[in-house]
Amino acid sequence: MEQVVKGLVDRMAVLGLIRQDQEQAYVYVIQLALEKTISVGILLVLGICYRVLVPTMLFLLALFAVKRRSGGFHIRSYAGCLAGTLVVYILFVKCLAGILADHMQMTCILFLLSALTAGIIGAVNHPNMNWDSREYAGSKRIARLTILAETVVVAFMVVLGADRTATVFIMFAMILSAFLLVLAKISGQEAEGT
């Protein structure tokens, strides 16, 4: 995929659409957008196949809202990341979602512990991000506010008796976010000095 994107960006430079000194940035941004589009597209198709499209959309919204600012564990290659994402999603939908929905008290406790853990960590300054101290502090603050907002939304959903499947999918987004943050910390995926 990277070669295709590089070819596209090279062509953009030849046509004068971008300057040569911008090529590397364009390759990075286009590749990320393409990878995210492919990943989300596959998950939405799986959501349709498993008849959980709306809960899958809520899961993705909740997950991306937190991960956008908090970061988390990174696998070196896109193929590895996509494979890991698909395995986690399929295992969740086929095995774990029903168990979590049947044991809402346990799920609520796990969700709250995950939200607390993610809130304490706030964000992981992965070397690819390489935030300066001001950006890192800002990312932690926004991540914590997002975690708080999601916790309030889930609390209302539980209290109001909203659809359990949708609620569990949103809760799993927080559980997964916290797990990925802890995994990133344990594996030392953090820029020097943070």
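About the cut-offs
Residues numbered from 1 in each chain as written. Predicted model: local features only at pLDDT ≥ 70, side-chain atom pairs only at ≥ 80, totals over all residues. Heavy atoms only, no water. Axes fitted to C-alpha atoms, helices over the stretch in contact; angles between N-to-C directions. Helix = DSSP H or I, 4+ residues; strand = E, 2+ residues; numbered from the N terminus. Parallel < 35°, antiparallel > 145°, perpendicular 65-115°, else oblique. Left-handed = near helix turned anticlockwise from the far one by under 90°. Contact = heavy atoms within 4.5 Å. Nonpolar A, V, L, I, M, F, W, Y, C, P; charged D, E, K, R; others polar. pLDDT = per-residue confidence, 0-100. Expected span 1.5 Å × (residues − 1). Buried < 20%, exposed > 50% of the residue type's maximum accessible area, 1.4 Å probe, protein only. Arc of directions from axis to C-beta.

**Things to note about the packing of helix H4 (residues 78-102) against helix H7 (residues 164-186)**
Here H4 crosses H7 at 120°, and the two axes come no closer than 10 Å. When the axis of H4 is compared with that of H7, the two are oblique. For H4 against H7, the interelement crossing comes out right-handed. On H7, the residues that touch Val88, Tyr89, Phe92, Val93, Leu96, Ala97, Leu100, Ala101 and Asp102 of H4 are Arg164, Val168, Phe169, Phe172 and Leu176. Broken down by class, the residue content of the contact of H4 with H7 amounts to 12 nonpolar, no polar and two charged.

**Some details on unusual backbone geometry**
At Arg51, a position not held by glycine, the phi torsion is positive, near 60°. You can see Arg51 is positioned in the loop between helix H2 (23-49) and helix H3 (53-70).

**Quick notes on the confidence of the model for the chain**
Per-residue confidence for the chain gives a mean pLDDT of 92, with 98% of residues at or over 70. Confidence scores differ between elements of the chain, with helix H1 (residues 2-14) showing the lowest mean pLDDT of 85 and helix H5 (residues 104-121) the highest of 97.

**Describing H1**
Between its first and last C-alpha atoms H1 spans 18 Å; for 13 residues at 1.5 Å apiece the expected length is 18 Å, and the two agree. Those residues of H1 that fall on the buried side of the exposure criterion are Val5, Val9, Met12 and Ala13. The buried side chains of H1 occupy one side of the element, clustering within an arc of 100° when seen end-on. Across H1 from its buried face, at more than 90 degrees, point the exposed residues Gln3, Val4 and Val14. Check the buried side of H1 and you find it contacts H2. Count one or two residues on from H1 and you reach Gly16, which has phi positive near 80°.

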